[in-house]
Amino acid sequence: MDLALSPQDQAFRDEVRRFLDDNLSEDLREAGRKTGGVFADIAAGLRWHKVLAARGWSAPTWPKDYGGTGWSATERYIFARECAAVDAPRIFSMGLRMVGPVIMKYGTPEQKAKYLPPIVAGDIVFCQGYSEPGSGSDLASLKTRAVRDGDDYVINGTKIWTTGAHVADHMFCLVRTSTEGKPQDGISFVLIDSMNTPGLTVKPIMTLAGDHEVNQVFFDNVRTPVANRIGPENAGWTVAKYLLEFERGGEAYTPNLHARLEDIRRIAREEAADGSGKLATERGFAERLAETEMEIQALEMIEMQVLSDLSRGRNPGAASSAMKIRGSETLQK
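Cut-offs used in this document
- Position labels on residues start from 1 in each chain and follow its written sequence.
- In keeping with the predicted nature of the model, local features appear solely for residues at pLDDT of at least 70, side-chain atom pairs appear and are counted solely at 80 or more, and the whole-chain, interface and lining totals rest on all residues.
- Side-chain figures throughout are based on the complete set of non-hydrogen atoms in the structure, without hydrogens or water.
- Should a side-chain nitrogen of Lys or Arg be within 4 Å of a carboxyl oxygen of Asp or Glu, the pair is scored as a salt bridge.
- Buried, partly exposed and exposed residues are distinguished by accessible area as a fraction of the type maximum, computed with a 1.4 Å probe on protein chains only: under 20%, between the cut-offs, and over 50%, respectively.
- Helix and strand assignments follow DSSP, with helices taken as H or I runs no shorter than four residues and strands as E runs no shorter than two, numbered in order from the N terminus.
- What a helix is expected to span follows from its residue count: subtract one and scale by 1.5 Å.
- This arc is built from the directions going out from the helix axis to the C-beta atoms.
- Only heavy atoms enter the contact rule, under which two residues are in contact if any of them lie within 4.5 Å.

Trainee: Quick question: what am I supposed to make of the pattern of salt bridges here?
Mentor: Pairing is possible between side chains that carry opposite charge, provided their charged atoms lie close to one another. Scanning the model with the defined rule gives 20 salt bridges in all. Taking the shortest distance from any N to any O, the salt bridge between D14 and R13 comes out at 3.5 Å. Here D14 falls in the partly exposed class, since its relative accessible area comes to 31%. Across the pair R17 and E82 runs a salt bridge, and its minimum N-O distance is 2.9 Å. Highlighted residues: R17 in helix α1 (residues 7–23) and E82 in helix α4 (residues 73–85), separated in sequence by 65 residues. In this structure R17 comes out as partly exposed when scored by relative accessible area, which is 37%. Overall, E82 belongs to the buried group, its relative accessible area being 11%. Shared partners join several salt bridges into a network, and the residues in it are D87, R260, D263, R266 and E270.

What follows is the structure, encoded as structure tokens:
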């Protein structure tokens, strides 16, 4: 694989750098630097989303027909690398990364017209209702029930670890619409148009670090229109698997890893300069640094292949899940 940038790609990189210099304010950079969890400060991320949308750059992985950039895999990688290098906040993008591609594939024309433009613009914010107490890794065992009543589904149950439910205004949700057959065969994928829907309650879960990113969501006779179901009834397992491919593989991991490695090098240089620490001279430090950089480079090869597949309209498949595991392990290291 030739990773050298063409003159056109270099010109694009320079354009991105000028845009970031002109539009990324110091308070947004600070929010990016202080990211403690999955996302940067969500309010800052939403502001940055609006800035990107105004430039037409909020949906790097989307085709132009749906309001995306239509960028190549290389252009998307360049953009991600440059944003990470200057601490641009990571936007709260479940609409862009997850439910948007699902609506493109499985949604009706009416659903596409209703949801896709405001997702790109940052006018609506989605959270994900998948995991439940006792139904996390074994997602097919979920129990939150949706019973049809006329033109509505009436939903009862609970979801947990719901990232951003306290700031989102929409939710995409897996619900059980049948108990017959295999557990996977009785699940449907529905959208909830307001987190203020009667009967829906969001309760915060504070992490050990003191962050409030995740929540538990309770449903007590919550109504959502049958028209908000994506795909056929009881076919939600297929829809959910398609979504997870984009959750795991629709965004580059290594730009952030490269940026964090540069943080370590900077800290080591600063400590060496003022004599305040021994990081740079610690036994084995240079070897661990080199090993980690090689792991990032290896992951980068997988990542570029996944991004290339996406740019050709192919599903990322199982490689995206492998990339997610390797990315998380390397970030911890």
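Trainee: Can you walk me through helix α3 (residues 42–55) in this structure?
Mentor: Helical periodicity: at 3.6 residues per turn, an α-helix aligns residues three or four positions apart in one direction. For α3, built from 14 residues, the straight-helix expectation of 20 Å at 1.5 Å per residue is met to within 8% by its first-to-last C-alpha distance of 20 Å. The set of residues buried in α3 consists of I42, A44, G45, W48, H49 and L52. Taken end-on, α3 shows its buried residues confined to a sector of 145°, consistent with a single buried face. Contacts made by the buried residues of α3 are with α1, α2 (26–33), α4, α5 (94–106) and α6 (109–121). One or two residues past the end of α3 sits G56, with phi positive at roughly 85°.

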